[in-house]
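Examining the three-dimensional arrangement
What follows is each chain in one-letter form.
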Amino acid sequence: MNPTAATPAALLDAALAADPARPLVTYYDDTTGERVELSVATFANWVAKTANLLQGDLAAEPGDRLALLLPAHWQTAVWLLACAATGVTAVPADPASPDTAAAADLVVSGPDALERARACTGERVALSLRPLGARFPQPPEGFLDYAVEVPGQGDRFQPYAPADPDAPALVVAGAGMTAAELVARARADAEAGALAPGSRTLSTLGYDTWEGLSAGLYAPLAAGAGVVLCPYLDRLPPAQQEKRRADEHVG
C-alpha cells in the first residue's frame, strides 16, 4: 500500500512504478461471455488516452463535473481515473437523482442511458460497452463515439495543472469528497478488507455507491491489489460462481 499518494492518479502512478505487468482490473460480462483483463500498464495507457481526450478534445478543466451514466465496467473504471488525472469531478449516475446529467458540464453515457444523457448541454460521449470496446454500429446523434475518438489519443498524459488533493474529485449518492478524502477512505476500506499487495478481490457491486466504487476500484488500487469485476455474477449457478472465484484466485 502506497502511504504517500494523495490522489487516485498518484495511486495509479505508484502501481505502475511498482509492477506494471500485474493484473489490475479483470472484467466479466456474464450476459455475453466477455472477459477482459487489464494489467496496470494497459489500464494506465487507457487512462492516459482518455485523459488526453478529456483535457484536449473535450476541453474539460479542473472543477468541471462529469456525469458517468455507466454501469460497473472496465471502461467506467478508466473514466474514473481519467477524471482524477485531469482534476475533473466524477459524478456516477445516482438512481435517486434523474438530473445527474442536467447538472453536469460533460456526460459520458452507456447505450441504455442516452436519453438521460441528452439533458447535459455540454460535451457528450457515448460508449457502446460492446465486447472488446467496439464502436457503435451507428454513432448516436449528438454524441462522440468513445471507441472512435480514443485510439488516436496520446499514450502519455501531462495535465495542464497537477491534480490537487484538496479539490473535489467525486460526488456519489449526493455526497462529495476531495481527492485526498477519497484516497483516505479507500485506504481504510482496503485495511478493513485485509487487502494486501498483489492480492485479488471480487466485486459484484455497481458503481453508483461508494461501497461499489471502493470495492470495485479504489480500495484495490490503494492496496496494490487487483479487482475482478463481476456485475452479473448472480446470473450464474452457485457452482459456476465458486469456480469463478477459484479460477481467479480471489479471497
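Structural notes, computed from the coordinates.

Basis of the calculations
- Residues numbered from 1 in each chain as written.
- Predicted model: local features only at pLDDT ≥ 70, side-chain atom pairs only at ≥ 80, totals over all residues.
- Heavy atoms only, no water.
- Helix = DSSP H or I, 4+ residues; strand = E, 2+ residues; numbered from the N terminus.
- Polar contact = N/O pair within 3.5 Å; in protein donor to acceptor, adjacent residues only side chain to side chain.
- Contact = heavy atoms within 4.5 Å.
- Pairing = 2+ DSSP bridges.
- Axes fitted to C-alpha atoms, helices over the stretch in contact; angles between N-to-C directions.
- Parallel < 35°, antiparallel > 145°, perpendicular 65-115°, else oblique.
- Left-handed = near helix turned anticlockwise from the far one by under 90°.
- Nonpolar A, V, L, I, M, F, W, Y, C, P; charged D, E, K, R; others polar.
- Buried < 20%, exposed > 50% of the residue type's maximum accessible area, 1.4 Å probe, protein only.
- Right-handed = clockwise from strand over helix to strand, strands pointing away.
- Salt bridge = Lys/Arg side-chain N within 4 Å of Asp/Glu carboxyl O.

All right, on to the side chain of Asp30 then. Along the chain, Asp30 turns up in the loop between strand E1 (23-29) and strand E2 (34-39). At a separation of 2.7 Å, a polar atom in the side chain of Asp30 contacts the side chain of Arg244. Apart from the residues within four sequence positions on either side, Asp30 is in contact with Tyr232, Leu233, Leu236 and Arg244.

What follows concerns the sheet that holds strand E10 (residues 200-203). Read from one edge to the other, the open sheet built from four strands follows the order E2-E1-E11-E10, with strand pairing classed as mixed. The open sheet is flanked by E2 and E10, the only strands paired with a single partner. Neighbour-to-neighbour, the strand axes of the sheet open up by a mean angle of 15 degrees, direction not taken into account. Strand contacts of helix H3 (residues 74-86): E1, E2 and strand E11 (226-229), with the helix running at about 30 degrees to E2, the strand carrying the most contacts.

Another point: the packing of helix H1 (residues 8-18) against helix H2 (residues 40-57). Interhelical geometry of H1 versus H2 gives an angle of 140 degrees and a closest axis separation of 9 Å. Between H1 and H2, the crossing angle belongs to the class labelled oblique. Crossing of H1 over H2 shows left-handed handedness. Between H1 and H2, the contacting residues are Leu12, Ala15 and Leu16 on the first element and Val40, Ala41, Phe43, Ala44 and Val47 on the second. Of the residues contributing to the contact of H1 with H2, the split by class is eight nonpolar, no polar and no charged.

Turning next to the pairing of strand E4 (residues 89-92). Residues Thr89 and Val91 of E4 are buried on one face, and the alternating residues Ala90 and Pro92, pointing to the opposite face, are buried as well. Examined bridge by bridge, strand E3 (residues 65-69) and E4 share four bridges and lie parallel to one another. Bridge pairing in E4 links Ala67 to Val91. This β-α-β element, E3 to H3 to E4, shows right-handed connectivity.

This part covers the packing of H1 against H3. Two elements in contact, H1 and H3, have axes separated by 7 Å at closest approach and are oriented at 110 degrees. Our classification of the angle between H1 and H3 gives roughly perpendicular. In this structure, H1 uses Pro8, Ala9 and Leu12 to contact H3, whose residues at the interface are Leu81, Ala84 and Ala85. When grouped by side-chain class, the residues that make up the contact of H1 with H3 number six nonpolar, no polar and no charged.

This model, assessed by the stated rule, comprises eight salt bridges. Note that Arg200 is salt-bridged to Glu37, the shortest N-O span being 3.9 Å. Linking Arg200 in strand E10 with Glu37 in strand E2, this pair joins segments that are 163 residues apart in sequence. The exposure class of Arg200 is buried, given its relative accessible area of 15%. With relative accessibility at 38%, the residue Glu37 sits in the partly exposed group. Ionic pairing is found between Lys49 and Asp155, a salt bridge with its closest N-O pair at 2.9 Å. Here Lys49, found in helix H2, pairs with Asp155, found in the loop between helix H5 (146-149) and strand E8 (168-172); they are 106 residues apart in sequence, far enough to count as distant. Assessed through its relative accessible area of 13%, Lys49 is described here as buried. Members of the salt-bridge network, linked through shared partners, are Arg35, Glu37, Arg200 and Glu248.

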